[in-house]
Amino acid sequence: KAGVTQTPRYLIKTRGQQVTLSCSPISGHRSVSWYQQTPGQGLQFLFEYFSETQRNKGNFPGRFSGRQFSNSRSEMNVSTLELGDSALYLCASSDRGTGGSYEQYFGPGTRLTVT
Amino acid sequence: KQEVTQIPAALSVPEGENLVLNCSFTDSAIYNLQWFRQDPGKGLTSLLLIQSSQREQTSGRLNASLDKSSGRSTLYIAASQPGDSATYLCAPYSGGGADGLTFGKGTHLIIQP
């Protein structure tokens, strides 16, 4: 079974621009969660999507948004980029809603650098 | 709000030693707890998942225990190898409307050949 994939793997953007990151979950998984990892704050939860609906949201400004498609693929968008948005963005999928264990599987991440 | 503390923050030991990594969390109402490893610049690899009803889980040289009532979990690594060098993260999951997985800062482990 293929793992979680994220594209692109690396991205360099300028302050004020916007960016869209993509995540494809493990086949059969309907839950996709997004996390931000920085050296200072560690790993922080952004939001979770399940069956195309946002279920939970972390403490991030409205510039961070996402969506999920009918095939469970998810996108995360960050508008009006700030230098502090430079981070590794990780996506995780789980078998939530299928009677499974809720084990979360992570993708390789997208390294975003804002200059 | 769930808070997770991992001790020690860093550990360097010679190859072959048995290790214990500690994780404590403030809210014992968890659904499960996962241990991950992360290599530099990479994503997280799930090592073990313990359900709230379980006391421990084993996978190869790894054994994780969970004491939900006291808010503690430990990861035991037997016969450590240089390839075990990584950052180890524990993450309890509270389920329901909780804020996803809550992570500690991790234990940065170096196994000296």
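See the structure printed just above.
None of the values given here were measured: they were computed from a predicted structure.

> Any chance you could explain the packing of aromatic side chains here in plain terms?
Given two aromatic rings, one states the distance between the centres and the angle between the planes to describe the pair. In the structure shown here, the tally under the stated rule is 11 aromatic pairs over all chains. For the pair Y35 of chain A and F106 of chain A, a centre-to-centre distance of 5.4 Å together with 45° between the ring planes defines the contact as tilted. Pair noted here: Y35 of chain A is in strand 4 (residues 31-38) and F106 of chain A is in strand 10 (residues 104-106), with a separation of 71 residues, a long-range link. For Y35 of chain A, a relative accessible area of 0% translates into the label buried. The exposure class assigned to F106 of chain A is buried, which follows from its relative accessible area of 10%. Plain terms: the ring middles of F106 of chain A and F103 of chain B are 6.1 Å apart, the flat faces sit at 75° to each other, and that makes the pair edge-to-face. Separated into two different chains, F106 of chain A in strand 10 and F103 of chain B in the loop between strand 9 (86-93) and strand 10 (107-112) make up a pair that spans both. With respect to burial, F106 of chain A and F103 of chain B carry one shared label: buried. Three or more aromatic residues joined by ring pairs make a cluster, and in this case those are Y35, F45 and F106 of chain A together with F36 and F103 of chain B.

> Explain the state of the cysteines to me, please; I cannot follow it from the model alone.
Among covalent bonds in proteins, the disulfide is the one between the sulfur atoms of two cysteines. All names here are of chain B. Summed over the entire model, instances satisfying the criterion amount to 2 disulfides over all chains. Across the disulfide, C23 is cross-linked to C90 (sulfur-sulfur distance 1.8 Å). Across the S-S bond linking C23 and C90, the dihedral sits near 55°, which makes this disulfide right-handed. Of the two residues, C23 is situated in strand 3 (residues 19-25) and C90 in strand 9; the sequence distance between them amounts to 67 residues. C90 matches C23 in its accessibility class, with the two residues each being buried.

> What am I meant to see in the environment of Q51 of chain B here?
With respect to the secondary-structure elements, Q51 of chain B resides in strand 5 (residues 44-51). What makes Q51 of chain B buried here is its relative accessible area of 19%. With 17 residues separating them along the chain, Q51 of chain B and K68 of chain B place their C-alpha atoms 9.9 Å apart. Beyond its immediate sequence surroundings of up to four residues, Q51 of chain B is in contact with S101 of chain A together with Y31, N32 and L66 of chain B.

> How should I be thinking about the environment of R111 of chain A in this particular structure?
Here R111 of chain A lies in strand 11 (residues 110-114). Judged by relative accessible area, R111 of chain A falls into the partly exposed class, the value being 33%. C-alpha of R111 of chain A to C-alpha of T5 of chain A: the two residues are 106 residues apart in sequence and 14 Å apart in space. Residues in contact with R111 of chain A, not counting those within four places in the same chain, are R9, Y10, L11, A87 and L88 of chain A together with G41 of chain B.

Conventions used here
- Residues numbered from 1 in each chain as written.
- Chains lettered and ligands numbered in written order.
- Predicted model: local features only at pLDDT ≥ 70, side-chain atom pairs only at ≥ 80, totals over all residues.
- Heavy atoms only, no water.
- Phe/Tyr/Trp six-rings, centres within 6.5 Å; stacked < 30°, edge-to-face > 60°.
- Helix = DSSP H or I, 4+ residues; strand = E, 2+ residues; numbered from the N terminus.
- Buried < 20%, exposed > 50% of the residue type's maximum accessible area, 1.4 Å probe, protein only.
- Disulfide = S-S within 2.5 Å.
- Contact = heavy atoms within 4.5 Å.

By themselves, these are just geometric observations and shouldn't be taken as functional.
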